[in-house]
Amino acid sequence: MDCNDSHALFSGEQLIYAITIPLSTSIILANLLIIVGIAWNCQLHNTPNYFFLSLLVADLCTGVALPFIPLMGVNRELSFNSCMVAHIFPNFLFLSFLLNLVMVHYERFIYIVDPLHYNNLWMHRSFPLALLVVWAPPLLYASLPAFGWNNWTGPDWDDCCASSQKMMPLSNCSTNGTSCCSYRRVFPNAFIYLEVYGLVLPAILTIAGMTGRVLWITRGQLKDICRLHRSVERGSQASDQEQRLNLRYTRCVVAVSLTFLACWVPYLIYMHVCIAFLISDTKWSSTTHIVLSCTGIGSMAVVPLVLGLANRQYTEPAYKLLQKLRDRWRRRTQGAEEVAV
C-alpha cells in the first residue's frame, strides 16, 4: 500500500471515528437512561414495555456497532473468519433493530386500531416466541454469507494485499493468512438487493403506513369529539377547547413529520445512493460514503430514543435524580454563602 493509499485509509478511519464516536456515545447513554427508567418503575413491567425494552437493547447494540458499520465500506486485510464477523455481526444488529422497531409499531398500531382484540394478540400470549421472531430471522439472514452465499472465491480481490507488499514486502497474504476484506466479497449483489428491497424498504414503508393510519384514525376521532361537543353546547363555532385539540393534533402531525424527515430520509438517501453506485459499478468518494453512512444509520438509530424520551414515565427516574442533585447543590451553595457571610 503506497503512501497515498495508506494516508487515505487512515484519514477515512479517523473521519469515521470522529463522526460516529460522539453519536454512538449519545445513543448508548440515552438508551441506558430509558432502560433504567423502565426497570426502575414496576408499573412499566408489562408486555408492551418488554417489546420496547427489546427495541432499546437492539438500539443499544446498534449504537455500539455504529463505528464499525461505515468500516464495512473500507477495504482491509483480514482473515476469512474475521472478515465475515466484521460484516455479518453489524448487519445482524441492524436487521434485528429494524425488525424490533416494526414489532413495536405493530403492537401499538393494533392497540389503537383494534383495541378489543389487543389483549388476544399472539405476541402477548407468547412473548418468548415474539422475541424469537424479531431476533432469530435477522441472525439467519445475516449469516447466509458465512454459509456460502458470498463472492470470496470470485474474481481477484487481492489488490489491497498485493499493493501492501510494495511498502512492506514481508506482509504476504498467503503467509499470514489474511486477504483483502471487502463488502463486495462478503455480500453478493443479489444479497444486497434482497436485503434492501425485500427487507429494509418494506419495513420502513410498513412503519410509515402504520404511523399514517394512526394519524388518520386520530383525526377522525378528533372530529367526532368536536361534533359531540358542539351538539352539547349547541353552538356552530369552534370553542376554545376544540381549538386546543386541533392545535395539539397539528403539533403531533408536525412532530411526526419532522421525526420522519430527520431520522428516515437521510438513511433512504444513503441506501439508494449506494444502490445506484452498485448498479453502475463505479467508484465514488470515500468521504462522501463515510458521511452518508454515518449520518444515515446514526439518524435511524435515534428513532427509539425519540419514542422513549417523549414518554415521561420512562424518564421520570432520571428527572427525579437530577432534581435531587440540583436541590443538594443549591443547599450546599446556600450553606457556603451563609458561612461566608
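What you see as residue numbers is a count from 1 along each chain, following the sequence as written. Under the rules for a predicted model, residues below a pLDDT of 70 receive no local features and side-chain atom pairs below 80 are neither given nor counted, while totals for whole chains, interfaces and linings still include all residues. The basis for the side-chain values is all heavy atoms of the structure; hydrogens and waters are excluded.

## Quick notes on the overall build of the protein
Check the secondary structure of the protein and you find 14 helices and two strands. Under the scheme applied here, a residue whose accessible area is under 20% of the maximum for its type counts as buried, over 50% as exposed, and between as partly exposed, the area being computed with a 1.4 Å probe on protein chains only. Here the protein holds 341 residues, and 39% of them are scored as buried. Contacts between residues were defined by any pair of non-hydrogen atoms, one from each residue, lying within 4.5 Å. Put simply, of all contacts in the protein between residues at least 6 apart along the chain, 80% involve residues at least 24 apart. What sets the accessible areas is the Shrake-Rupley method with a 1.4 Å probe; for residues, cover comes only from the shown protein chains. Here the protein displays about 19,600 Å² of accessible surface, and carbon together with sulfur accounts for 64% of that area. In this description a helix means any DSSP run of H or I spanning at least four residues, a strand means any run of E spanning at least two, and both kinds are numbered starting from the N terminus.

## Observations concerning the pattern of salt bridges
Put simply, a salt bridge is a Lys or Arg side-chain nitrogen that is within 4 Å of an Asp or Glu carboxyl oxygen. Under the counting rule described, the total for this entry stands at one salt bridge. Across the pair glutamate 316 and lysine 320 runs a salt bridge, and its minimum N-O distance is 3.2 Å. Here glutamate 316 and its partner lysine 320 are both found in helix H14 (residues 312–340), four residues apart, which amounts to about one turn of the helix. Using a relative accessible area of 43% as the deciding quantity, one classes lysine 320 as partly exposed.

## A word on the nonpolar core
Side-chain atoms within 4.5 Å link the members of a nonpolar core, which is a set of buried Ala, Val, Leu, Ile, Met, Phe, Trp, Tyr and Cys residues. Ranked by internal contacts, the top residues of the largest apolar core, which has 66 residues, are Phe52, Val200, Trp264 and Tyr267. Elements that contribute at least two residues to this core include exactly helix H1 (3–40), helix H2 (47–65), helix H3 (80–113), helix H5 (127–142), helix H9 (189–233), helix H11 (265–280), helix H12 (286–300) and helix H13 (303–309). At 15 residues, the largest contribution of residues to this core is made by H3. Discounting residues that sit within four places of it in the chain, tryptophan 264 has contacts with Leu98, Leu101, Ile204, Ile207, Thr259, Met300 and Val303. Of all hydrophobic cores here, the second largest spans five residues; its members include Ile16, Val74, Ile290 and Cys294.

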